[in-house]
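What follows is the residue order along each chain.
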Amino acid sequence: LEMRSNMQKMSSVRRRVASIGVRSMSDNSIPPIKQYPWPMRTRQFGVDILHDALWNKGTAFDINERDRLGLRGLLPPVVKGLDEQVQRVLRQLAAEPDNESKNMYLQDLQNRNETLYFNLLVNNIEAMAPLVYTPTVGTVCEKFGNQFRRTRGMYFSRYDRGHFSSMIYNWPQDDVHVIVVTDGS
C-alpha cells in the first residue's frame, strides 16, 4: 500500500512537471550542450605571425583577425577562404613541370602556411600522397643537401655524439607531441 502511494505521488509529480514544460533528467530529447574549444592565443603579433608557419593563414585572416593581430596592411586587402587558397595551390601545382618540383613547392607551402598545407593534403590525399611520399620523396631525399631551404626539426649526426642531451634544449618548442627518428637513408 505504501509503495503504491509513493508511485502515485511520483506519477503526479511527473504530470505536473510535464504540464509546465520542465524536462526530466531521463528525457532523451534534451539536446547536448555544445562545447566550443578555447580560442587559440599567441604572444606573437604582426609580421611575426606571418613568419610562423603554425599561425600563418595567409589571406584567410578575416578583417577582425587582421585588426586584432596587427596584420592590416601586411596582407593584400582581399580575404580568401581556405577553399579558395586550396584551389589556387592546385592550379599552381598543375603548372609545375615534374613531381620533384611539385614536392619542393609543397615544402615551401608547409614552411609558410601549415594550415593550408595540411588542409590540401587531407582533402586531396590521393593526388598529394605520391608527391610527399613514395616515389617522389626518394628522389628528393637523394638531393636533400642541394635543395635544403629551411630547417624542419633537429639533426643529430655522429659528430654530435656526447652532446645529444644538451642539443635537445636548442629546440624552440616545449609542447612536443611527436618525434620521428630516421637514419636519413
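The structure contained in this document is the topic of the report that follows. (Residues numbered from 1 in each chain as written. Predicted model: local features only at pLDDT ≥ 70, side-chain atom pairs only at ≥ 80, totals over all residues. Heavy atoms only, no water.)

## As for the overall build of the protein
Counting its secondary structure elements, the protein contains 10 helices and zero strands. For the protein, the α and β elements follow one another from N to C terminus as α-α-α-α-α-α-α-α-α-α. Across the 185 residues of the protein, 22% fall into the buried class. Looking at the protein alone, contacts between residues at least 24 apart form 46% of all its contacts between residues at least 6 apart. Summed over its atoms, the accessible surface of the protein is roughly 15000 Å², and 56% of this surface lies on carbon and sulfur atoms. (Helix = DSSP H or I, 4+ residues; strand = E, 2+ residues; numbered from the N terminus. Buried < 20%, exposed > 50% of the residue type's maximum accessible area, 1.4 Å probe, protein only. Contact = heavy atoms within 4.5 Å. Areas by Shrake-Rupley, 256 points an atom, 1.4 Å probe, with all protein chains shown as cover.)

## Quick word on the nonpolar core
Counting residues in each nonpolar core, the largest one holds 12 residues, listed as Val86, Val89, Leu93, Tyr105, Leu106, Leu109, Leu116, Tyr117, Leu120, Leu121, Met128 and Leu131. In terms of residues, this core owes the most to one element, helix α6 (residues 114-123), which gives four residues. Beyond its immediate chain neighbours, meaning those up to four positions away, Leu121 contacts Met128 and Val132. Ranked by size, the runner-up nonpolar core spans six residues in total, among them Phe61, Leu69, Leu71 and Leu75. (Core = buried A, V, L, I, M, F, W, Y, C linked by side-chain atoms within 4.5 Å.)

## Here we look at the side chain of Gln85
Within the secondary structure layout, Gln85 lies in helix α4 (residues 82-95). Residue class for Gln85 comes out buried when judged on its relative accessible area of 1%. Setting aside its immediate chain neighbours within four residues, Gln85 contacts Lys57, Gly58, Thr59, Ala60, Lys80, Asn113 and Leu116.

## Regarding the packing of aromatic side chains
Inspection of the entire model under this criterion finds two aromatic pairs. Their ring planes at 80° and their centres at 4.9 Å tell us that Tyr117 and Phe118 sit as a pair that is edge-to-face. Between Phe156 and Phe164, the aromatic rings sit 5.0 Å apart at their centres with planes inclined by 70°, giving edge-to-face as the arrangement. Judged by its relative accessible area of 39%, Phe156 is partly exposed. (Phe/Tyr/Trp six-rings, centres within 6.5 Å; stacked < 30°, edge-to-face > 60°.)

Nothing here speaks to function; it is all geometry.
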